[in-house]
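Tertiary structure, described
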Amino acid sequence: MLKTLDIENIAVIEKTSVEFSSGLNVLTGETGAGKSIVVDSINAILGERTSRELVRHGAENGFVSAYFEDIPQNVTDKLKELDFDTEEDNSLLLSRRISVSGKSVCKINGKAATVSMLKEIGGMLVNIHGQHDSQALLNPDFQYQYIDMLLADKSIIDEYKSTFKELSSVRRQLKSLTADESDKEKELELLEYQINELESADIKIGEREELTKRKAVISKSEALTTALNNALGVLSGDDEVNGVQTMLESGYRELSAFEEAKSVTDIFADMCDKTELLKDSIDSLLSEIDFLPDELEKIDERLDMLYEFSGKYGSTEEEMLAFLEDAKKRKKSILFADEELEKLNAEYDRLLDKTVSLADKLSAERKKTALDFENKVKAELEFLDMPKLKFVVSFNKGKLSSHGYDDIEFLISTNPGEPPKPLSKVASGGELSRIMLAIKNIIAYNDTITTLIFDEIDTGVSGRASQKIGLKLKSVSKDTQVICVTHSAQIASNADSHFLIKKEYTDSSTYTKVSPLDFEGRKNELARIMGGLEITDTLLQSAEELLRQNSN
């Protein structure tokens, strides 16, 4: 349940903290005092759309936090699924800061969260029902959910959904197999080309990396070979130009005839020996360099092919080979489509029969539950001073869907003799609020929502009907925490906790305070609601009598 609501700088509320109790909590106050601001703040913490206009004038940002106790197991499971920490005492803290720029900072148990996460978690904890907030009740697409909540055996729903999911999967496979034959021929032709191209390429895992390394080695070796051959040419010369070795040998022979040049001749002899040694070293190094003349060209061609394939079949060799295997499987499935089609048709027929059988069973359970639901709603509405209203759950058979084939719609007749019509076309705001209250009371034991909020549920109803609504809210609050914004003394007198929302003024500012009321405070507030401007002793006596009557 919602234990504590903290509000700072939201509209005319500067700072307040509301400590709610279990049972029935009511909020009262004069028109314009700010009751709607409290509901807007709760909406904000539940992840609903907000506006920067919600931030109090002069403040940089507004802040709302909500502390929940005893959260249900489905909320704990969802928190773990969304990777949020959970508390051992099953408590939960939601917070949201809204800046004047319109941006929000949301947190769940102190950890950053998105607005959508806040909405998903908040929607599992609190349900707000206002006079104009009845989409779920008015929309026939959702009305089956109220019946399903009351089913005695809910396993039929899970079994049906599981079978329908299998049926849908087989249907998709059949649709794929029964595609247009010309499309199949085109796909088969493309698959043949892709398979042949990939198989001919004989791709090996890791070869691109190996080829790249080999290319680097060859490129370096090629440059070295060129340099060594150039050096060899300098030493040996060619047909047109004498090399260094030839010129040194010529110089040595010419100088050998002169005894006086012996010291120079010895140097020439040494240089000739070293030149011969240099040639041998170059020849030896050249013989160690191992690559074929056209190897680099072949490597470039292979790398170009792999680069081209990476754009068609996958960026890595593993992805290319996986593409090849998938193409082979797809080719096989097309070639053996008739056989596969026969198997799938048989499986589809089996699942269809099972799904229809389960849908029949689910529909029968719903209709049985709906009859009991109608009687209970009728009894609730009679208690809420709507004895003439006729409530009917209409069933029509539609297409199979994820929730069966039942098209369920709630119909009402507000006057005797009139045929029942869709709820959305007939019910007024006050009637709709009471119908929702009746339904909430019926499903309270089955609903996992821990907090119900009713915003001005008494709009358009009389004092007697308000008293009945108050008693019914009290009844609902035995199983679910109820928070109610009301203008009705009869409803407020049933509260377990009563809060007064009041505006206060200074010379330059307006403030709204939310204060819990004791018995005397409640008596004065009820007298104000009943009497308006002047609170008389008679009104105070009536208020006290009303409080004591409802406390008993």
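This text gives an overview of the structure that appears in the document. (Residues numbered from 1 in each chain as written. Predicted model: local features only at pLDDT ≥ 70, side-chain atom pairs only at ≥ 80, totals over all residues. Heavy atoms only, no water.)

A count of helices and strands for the chain gives 19 helices and 15 strands. Taking 552 residues into account, the globule formula puts the C-alpha radius of gyration at 24 Å, and the chain, at 43 Å, lies well above it. Its C-alpha atoms put the chain at 155 × 75 × 40 Å along the principal axes. Within the chain, buried positions represent 42% of all 552 residues. Expressed as a percentage of contacts within the chain between residues at least 6 apart in sequence, the contacts between residues at least 24 apart total 70%. For the chain, the accessible area works out to roughly 30200 Å², and carbon and sulfur atoms hold 50% of it. Taking the 69 positively charged and 101 negatively charged side chains of the chain as two groups, their mean positions are separated by 11 Å. (Helix = DSSP H or I, 4+ residues; strand = E, 2+ residues; numbered from the N terminus. Rg over C-alpha atoms; globule rule 2.2 N^0.38 Å. Buried < 20%, exposed > 50% of the residue type's maximum accessible area, 1.4 Å probe, protein only. Contact = heavy atoms within 4.5 Å. Areas by Shrake-Rupley, 256 points an atom, 1.4 Å probe, with all protein chains shown as cover. Lys, Arg positive; Asp, Glu negative; His and termini not counted. Charge placed at Lys NZ, Arg CZ, Asp CG, Glu CD.)

Relative to strand β14 (residues 497-505), strand β3 (residues 24-28) runs parallel, the two being bridged by 4 bridges. Of the residues in β14, the one forming a bridge with L27 is F499. Pairing analysis gives 7 bridges linking β14 to strand β15 (residues 510-516), with the strands arranged antiparallel. What sits directly across from L500, in β15, is S515. Turn length for the β14-β15 hairpin, with the two strands adjacent in sequence and antiparallel, is 4 residues. (Pairing = 2+ DSSP bridges.)

A few words on unusual backbone geometry. Most of the time, phi is negative for any residue but glycine, and the peptide bond is trans. One non-glycine residue, D202, lies in the positive phi region at around 50 degrees. With respect to the secondary-structure elements, D202 resides in the loop between α7 (181-201) and α8 (207-236). The backbone of D385 shows a phi angle near 65 degrees, a positive value even though the residue is not glycine. Residue classification places D385 among the partly exposed residues on the basis of a relative accessible area of 23%.

Of note, K331 is situated in helix α12 (residues 317-335). Setting aside residues up to four positions removed in sequence, K331 forms contacts with L188, L191, E192 and I195. Within the structure, K331 has its side chain in polar contact with the side chain of E192 (distance 3.1 Å). (Polar contact = N/O pair within 3.5 Å; in protein donor to acceptor, adjacent residues only side chain to side chain.)

This part covers the sheet that holds strand β9 (residues 390-401). The 3 strands are arranged β9-β10-β11 in an open sheet whose pairing can be described as antiparallel. Strands at the two margins of the open sheet, each flanked by one partner only, are β9 and β11 (421-422). Note that β9 and strand β10 (residues 404-413) share 9 bridges and pair antiparallel. Each residue of the ladder has a partner; that of F395, found in β10, is I408. Lying over the sheet, helix α5 (residues 140-149) contacts β9 and β10, oriented at roughly 95 degrees with respect to β10. (Axes fitted to C-alpha atoms, helices over the stretch in contact; angles between N-to-C directions.)

Our focus in this paragraph is helix α1 (residues 35-45). Every α-helix winds through 3.6 residues per turn, so residues three or four apart in the chain are directed the same way. The buried count for α1 comes to 8 of 11 residues, which makes it a mostly enclosed element. Three or more residues of α1 are buried, namely K35, I37, V38, V39, S41, I42, A44 and I45. Remark: G47 follows α1 within two positions and exhibits a positive phi of approximately 85 degrees.

This model, assessed by the stated rule, comprises 30 salt bridges. Between K368 and E365 there is a salt bridge, with the nearest N and O atoms lying 3.6 Å from each other. Remark: E365 and K368 occur in helix α13 (residues 337-383); sequence separation between them is 3 residues, near one turn of the helix. With a relative accessible area of 54%, K368 lands in the exposed category. Across the salt bridge formed by K523 and E544, the nearest N and O atoms sit 3.4 Å from each other. Remark: E544 occurs in helix α19 (residues 537-551) and K523 occurs in helix α18 (residues 519-531); sequence separation between them is 21 residues. Note on K523: relative accessible area 12%, which makes it buried. One network of salt bridges, with partners in common, ties together E520, K523, E544 and R548. (Salt bridge = Lys/Arg side-chain N within 4 Å of Asp/Glu carboxyl O.)

Right, let's get into the packing of α5 against α13. Contact geometry for α5 and α13: axes closest at 9 Å, N-to-C directions at 85 degrees. One finds that α5 runs roughly perpendicular with respect to α13. In this structure, α5 uses Y144, I147 and D148 to contact α13, whose residues at the interface are R366, T369, A370 and F373. (Parallel < 35°, antiparallel > 145°, perpendicular 65-115°, else oblique.)

A separate point is the environment of I449. Note on placement: I449 falls in the loop between α15 (429-443) and β12 (451-455). On a C-alpha basis, the gap between I449 and L137 in space is 16 Å, while along the polypeptide they are 312 residues apart. Here I449 is in contact with G123, M124, L125, V126, N127 and T480, once residues within four sequence places are set aside.

Okay, the nonpolar core next. Counting 48 residues, the largest nonpolar core has F373, F410 and L473 as the members making the most contacts within it. A total of 8 residues in this core trace back to one element, the largest contributor, which is α15. Apart from the residues within four sequence positions on either side, F410 is in contact with L137, Q143, Y146, I147, F373, F391, V392, V393, K421, P422, L423 and I439. (Core = buried A, V, L, I, M, F, W, Y, C linked by side-chain atoms within 4.5 Å.)

Before going further, it helps to spend a moment on a nonpolar patch on the surface. A grouping of V234, V244 and M247 is seen on the molecular surface, where their side chains present a nonpolar patch of about 250 Å² in accessible area. Tracing the backbone shows V244 in helix α9 (residues 244-256). (Patch = residues over 30% accessible without salt bridge, like charges linked within 9 Å, V, L, I, M, F, W, Y side chains within 5 Å.)

In this model α19 runs 21 Å from its N-terminal to its C-terminal C-alpha over 15 residues, within 8% of the 21 Å that 1.5 Å per residue would give. Of the positions making up α19, those classed as buried are L539, A543, L546, L547 and N550. Projected down its long axis, α19 carries its buried residues within an arc of 95 degrees, all on one side. Across α19 from its buried face, at more than 90 degrees, point the exposed residues D537, T538, Q541 and E545. (Expected span 1.5 Å × (residues − 1). Arc of directions from axis to C-beta.)

Let's shift gears to the pairing of β12. Taking burial as the measure, the 5 residues of β12 include 4 buried ones, the bulk of the element. Bridging between β12 and strand β13 (residues 481-485) involves 5 bridges; their strand directions are parallel. Following the sheet pairing, D455 is matched in β13 by V485.

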